[in-house]
Amino acid sequence: MQKDSGPLVPIHWIGFGYAALVASGGIIGYAKAGSVPSLAAGLFFGSLAGLGAYQLSQDPRNIWVFLATSGTLAGIMGMRFYHSGKFMPAGLIAGARSGGSPVPAVPWHLLTV
């Protein structure tokens, strides 16, 4: 019998993709509208998500930084999407958290300390 080698794509790579999406969204917001708050928030949350993905790559049970970052961003962007009704960028980021985040894919038994 063969030993299970784990998922086909390591879960932290999805986290790095999410971090890149968030950071690039801030950069694009600055480039298109000159929004310095968008740039600062995108780079800040993108960096935190990247840190969380890195921690996840070192220890799959260490999800707390990524969970807090993506959850906070999903809440903020979800409210922006609810009030504006515009999919870009708020709906995209809120949807990416719920659909593409590695956190929901982590088995709950790994969350015990």
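Quick caveat: nothing in here was measured; it's all calculated off a predicted structure.

On to the environment of Asp59. Relative to the assigned elements, Asp59 resides in the loop between helix H2 (36-58) and helix H3 (64-84). A relative accessible area of 26% places Asp59 in the partly exposed class. Between the alpha carbons of Asp59 and His12 there is a distance of 9.9 Å; along the sequence they are 47 residues apart.

Here we take up H3. Its 21 residues place the ends of H3 30 Å apart at the C-alpha level, agreeing with the 30 Å of an ideal helix rising 1.5 Å per residue. Here H3 has its buried residues at Phe66, Thr69, Ser70, Leu73, Ala74 and Met77. Along the axis of H3, the buried residues cluster in a sector spanning 125 degrees; they form a single face. Exposed positions of H3 whose direction lies more than 90 degrees from the buried face are Tyr82 and His83. The positive-phi residue at the C-terminal boundary of H3 is Gly85, with phi of around 75 degrees.

What counts as what
Residues numbered from 1 in each chain as written. Predicted model: local features only at pLDDT ≥ 70, side-chain atom pairs only at ≥ 80, totals over all residues. Heavy atoms only, no water. Helix = DSSP H or I, 4+ residues; strand = E, 2+ residues; numbered from the N terminus. Buried < 20%, exposed > 50% of the residue type's maximum accessible area, 1.4 Å probe, protein only. Expected span 1.5 Å × (residues − 1). Arc of directions from axis to C-beta.

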